[in-house]
Structure formats: structure tokens, C-alpha cells
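Letter by letter, the chains look like this.
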Amino acid sequence: MTPGVKKMPILSTSVQQESLEIGLGDKNKLHLQRFFLKKKLGTPVLMLHGSIENGRIFYSENRKGLAPYLAAQGYEVYVADLRGRGKSHPKISRHSHFGQTEAICEDLPAFIDEIIRRRGKVKQHWIAHSWGGVLLMSMLARFPKYAPLVKKIVCFGTKRNVHVQNLDKFLIIDLFWNYTASLLTKVLGYLPAKELKIGSDNETKKFHHQVRLWVKSGYPWVDSQDGFDYARAIRKIKLPPAYHLTGIADTCLGHPNDVFAFIQECGSKNYRFKILSKENGNLHDYDHVNILTHPDAVKDHFVDVSRALA
């Protein structure tokens with residue numbers, strides 16, 4: 001074996017998966033993809049995707065990705081699809097009027113309550129990619145009753161404000177997200193990110209608008225719908241231990257400086273923060289997406305995440 005390269009773990013062929021549906025109101029069905037070992041149901045893990053994404057960031061059809069990897073280690077993994085994304089339905093269209101306020105106040109409690117219904121009030125781990133981490137922390141601020149239930153939180157490339165100034169920020173945030181995407185949502189009534197091939201799933205007009213506000217440098221962590229002050233509320237909570245990871249090649253959507261700024265905004269006291277890079281001992285200089293999708297992640301930082309959850 002090459003010195004310095006970890007041995008590739010073999011995923012157990014006994015990892016099972018199933019699709020679960022949760023009714024939400026009269027029309028909406030939320031989806032959870034569950035990964036587990038039949039002989040052992042370990043600690044539950046909830047995984048949440050970010051904006052213009054769905055749960056497939058955590059798994060593929062041939063059982064690759066963080067979700068099946070952790071299931072093979074004995075965890076019971078639940079991968080969420082927010083309303084209208086992934087296998088949740090109906091799909092997002094110009095008639096979809098929900099936003100991130102509904103995700104925080106309705107979707108996330110529904111996912112967590114479903115896990116509680118199945119497993120009781122055992123401790124859970126929460127894992128998020130990108131904007132999913134903002135949503136989870138916002139939900140904790142709104143519903144602090146869930147905080148004692150969480151054993152650890154792991155966030156990949158999670159930031160709220162984008163403070164960094166560089167070419168990628170200008171092209172991705174200023175030019176596309178703030179201008180082009182805003183124009184598209186006004187004309188079409190939603191953001192067709194999947195059709196444009198700039199995301200794995202579409203976004204509602206309201207969700208895009210609310211994210212656009214929060215991403216602005218210096219914009220307060222306050223709900224645009226009802227004025228709830230998340231920044232103030234979260235500092236009153238004893239937060240679970242957190243592990244934040246981002247890639248050195250993530251130049252905009254999860255820039256290390258912006259990720260660290262979000263850790264400070266949450267007021268986290270018990271946390272780890274790691275920048276994944278060759279210089280720091282990793283196999284690659286990871287970016288915002290391949291931090292979860294790179295084939296080598298399973299023998300690199302996924303191993304560290306599994307240890308952190310133990």
C-alpha cells in the first residue's frame with residue numbers, strides 16, 4: 001500500500017435502503033431515503049441537502065456516498081428531500097409558494113418527528129451540506145426543544161453570509177444568483193436550476209428570495225417573513241458539538257473564512273473546523289461539491305467523520 005494513503009474500506013453488501021413518505025398538509029409528501037443494516041439499528045443520522053439540491057448529494061443509485069458509507073458502519077441514516085425536491089412531491093413549479101421559512105418551521109420538524117416516531121427519543125446525529133446547515137441551525141433556534149436530542153452536528157461547506165470578494169463570488173453570487181436567477185424567478189415564477197444544469201433541483205421564488213437576502217454580506221440572520229431573530233435566539237441554546245468541514249478549493253459557496261464566520265455567528269463553543277486540502281493531509285484539494293461526491297472521499301475525510309460521530 002502506498003505510504004500515506006488509507007486502505008479503501010469495503011461497503012457492506014448488507015446495507016439496505018427504502019423510501020419513506022411523510023404527509024405534510026393536504027397535498028405535499030416529504031421523502032426520506034433510509035439506509036440501514038438489518039441486523040443492527042445504530043444511532044439515527046439525519047442528512048439535509050442545500051439550496052438547488054436534493055438528498056442525492058449524499059448517495060448514488062449504486063450505493064456510493066456518505067449515506068451508505070455510514071450505514072455500513074452501523075448507523076441508521078435518513079436522507080431528507082425538502083418539499084418539492086428529489087422524491088418529495090408535488091415538484092416545484094410556478095405554483096409553489098413555500099420558502100425557507102416553511103422548510104425551517106414545517107419540513108425539518110416533520111423529518112425529525114418521523115425519526116422520533118420510529119426510534120423514540122434516542123440521540124441523533126445531524127449532517128448537512130451547504131445551505132442545509134443554515135436551515136438546521138435556524139430550526140434549532142426556532143425549536144430549542146430539539147437541541148438535547150442532537151448528539152453531534154456535521155456541516156460540509158456551510159456558510160450564511162458570503163463576505164469573500166473574488167471572481168467566483170462575482171460570477172456565481174452577484175451576476176447569477178442575485179441578478180440572473182432573480183430575473184428568472186420573476187418571469188417564470190420559480191428557478192429552473194435543474195433544467196439550466198446549475199443545480200440538482202429547482203427552487204421556489206420565495207426560497208430563492210429568502211436565501212438571496214441572507215447571503216448578502218452583513219445581512220442580519222432574521223426571518224424576512226415574520227421577523228424572527230435567529231442570531232439572538234440561537235445564543236440562548238446550549239448547542240451540540242459541531243464539526244465543520246470545507247474544501248480549500250471552495251472559493252465562494254463555502255469559503256473557509258465564511259464558514260468560520262458562521263460558526264462564530266452561531267456562538268458555538270464546542271466545535272471542530274477543518275479545511276480539506278493536500279497541505280492538511282488530505283488526498284485532494286476539495287471544492288464545494290466533490291467534498292461529498294469524490295470517489296476518494298470514502299477513504300479520506302469520510303473516515304474522519306465516522307470517527308467524529310463515534
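Chains are numbered independently. Their residues run from 1 in the order of the written sequence. In keeping with the predicted nature of the model, local features appear solely for residues at pLDDT of at least 70, side-chain atom pairs appear and are counted solely at 80 or more, and the whole-chain, interface and lining totals rest on all residues. By convention in this description, side-chain values take in all heavy atoms of the structure and omit both hydrogens and water.

Chemist: So what's going on with the overall build of the protein chain? Which residues, and what values?
Modeler: Comment: elements are numbered from the N terminus, with helices defined as DSSP H or I runs of at least four residues and strands as E runs of at least two. Across its full length, the protein chain carries ten helices and ten strands. Taken over C-alpha atoms, the radius of gyration comes to 18 Å for the protein chain, in line with the 19 Å a tight globule of 310 residues would show. Taking the principal axes of its C-alpha atoms as reference, the protein chain extends roughly 55 × 45 × 40 Å. Classification of the 310 residues of the protein chain by burial places 55% in the buried group. The criterion used for residue contact is that any of the two residues' heavy atoms lie within 4.5 Å. In the protein chain, of all internal contacts separated by at least 6 residues, the share reaching a separation of at least 24 is 72%. Residue exposure ignores everything except the shown protein chains as possible cover, and the areas themselves are Shrake-Rupley values with a 1.4 Å probe. Only carbon and sulfur atoms are counted for the fraction: they give 54% of the accessible area of the protein chain, which is about 13700 Å². In this charge count, Lys and Arg are treated as positive and Asp and Glu as negative; neither His nor the chain ends contribute. Charged side chains are reduced to one point each, which is NZ for Lys, CZ for Arg, CG for Asp and CD for Glu. Distance between charge centroids for the protein chain: 5 Å, based on 45 positive and 29 negative side chains. Just to be clear, the radius of gyration here is over C-alpha atoms, and the globule rule we use is 2.2 Å times residues to the power 0.38. Relative accessibility decides the category of a residue: with a 1.4 Å probe and only protein chains considered, values under 20% of the type maximum give buried, values over 50% give exposed, and everything between is partly exposed.

Chemist: A description of the confidence of the model for the protein chain should follow, citing residues and the corresponding values.
Modeler: Of the residues in the protein chain, 96% have a pLDDT of 70 or more, and the chain-wide mean is 94. Predicted confidence for residues 1-11 stays below pLDDT 50, and this span has 16 contacts to residues more than four positions away or in other chains. Across the chain, each position has a pLDDT score giving the predictor's confidence in that residue, from 0 to 100.

Chemist: Would you mind going over the packing of aromatic side chains in detail, with residue names and values included?
Modeler: What counts as a ring pair is set by centres within 6.5 Å for rings of Phe, Tyr and Trp (its six-membered ring), and what kind of pair is set by the plane angle: stacked under 30 degrees, edge-to-face over 60, tilted for all other angles. On inspection of all chains with the given rule, the structure shows nine aromatic pairs. Judged by centre distance (6.3 Å) and plane angle (40 degrees), the ring pair of Trp131 and Trp214 falls under tilted. Here Trp131 is found in helix H3 (residues 131-142), whereas its partner Trp214 is found in helix H6 (residues 205-215), with 83 residues between them in sequence. Its relative accessible area of 2% is what places Trp131 among the buried residues. Assessed through its relative accessible area of 2%, Trp214 is described here as buried. On the numbers, 5.9 Å between centres and 25 degrees between planes, the contact of Phe260 with Phe273 is stacked. Residue Phe260 is found in helix H8 (residues 256-266), and its partner Phe273 is found in strand E10 (residues 271-276); the two are separated by 13 residues along the sequence. For Phe260, a relative accessible area of 29% puts it in the partly exposed group. By relative accessible area, Phe273 is classed as partly exposed at 29%.

Chemist: Pulling in residues and values, what's your account of the nonpolar core?
Modeler: Only buried residues count toward a nonpolar core. Its members are Ala, Val, Leu, Ile, Met, Phe, Trp, Tyr and Cys residues joined through side-chain atoms within 4.5 Å. Judged by nonpolar contacts, the single largest core of 55 residues is most densely connected at Leu46, Phe111, Trp126 and Met137. Not counting residues within four places of it along the chain, the set of residues in contact with Trp126 comprises Leu46, Ile112, Leu136, Met139, Leu140, Tyr146, Val150, Lys152, Ile153 and Val154. Ranked by size, the runner-up nonpolar core spans 32 residues in total, among them Val77, Phe156, Tyr243 and Val305.

Chemist: Go over the environment of Tyr59, please, and point to the residues and values.
Modeler: Mapped onto the fold, Tyr59 is located in the loop between strand E3 (44-48) and helix H1 (66-72). As for Tyr59 and Phe35, which are separated by 24 residues in sequence, their C-alpha atoms are 9.8 Å apart. Beyond its immediate stretch of four places on either side in the chain, Tyr59 contacts His31, Gln33, Phe35, Lys64, Gly65, Ala67, Pro68, Val79 and Lys87.

Chemist: Lay out the state of the cysteines in plain terms, naming residues and giving numbers.
Modeler: Counting rule for disulfides: a pair of cysteine sulfur atoms within 2.5 Å. Throughout the structure, instances matching the rule amount to zero disulfides. Cys105 carries a free sulfur, and the closest cysteine sulfur to it, the one in Cys266, is 17 Å from it. Residue class for Cys105 comes out partly exposed when judged on its relative accessible area of 24%. Here Cys252 stays free of any disulfide, with the sulfur of Cys155 as its closest cysteine sulfur at 18 Å. Judged by relative accessible area, Cys252 falls into the buried class, the value being 1%.

Chemist: Residue-level account of the pattern of salt bridges, with values.
Modeler: Here, a salt bridge means any side-chain nitrogen of Lys or Arg that lies within 4 Å of a carboxyl oxygen of Asp or Glu. The final tally for this structure, using the stated rule, is 17 salt bridges. Two residues, Arg34 and Glu76, come together in a salt bridge whose shortest N-O distance is 2.7 Å. With Arg34 in strand E2 (residues 28-37) and Glu76 in strand E4 (residues 76-81), this pair connects stretches of sequence that are 42 residues apart. Here Asp223 makes a salt bridge to Arg142, at a shortest N to O gap of 3.5 Å. Placement of Asp223 in the loop between H6 and helix H7 (230-234) and of Arg142 in helix H3 is noted, with a sequence separation of 81 residues between them. For Asp223, a relative accessible area of 4% corresponds to the buried category. Classification of Arg142 by relative accessible area gives buried; the value is 18%. Salt bridges here are not isolated pairs; linked through shared partners, they connect Glu18, Arg34, Glu76 and Arg119.

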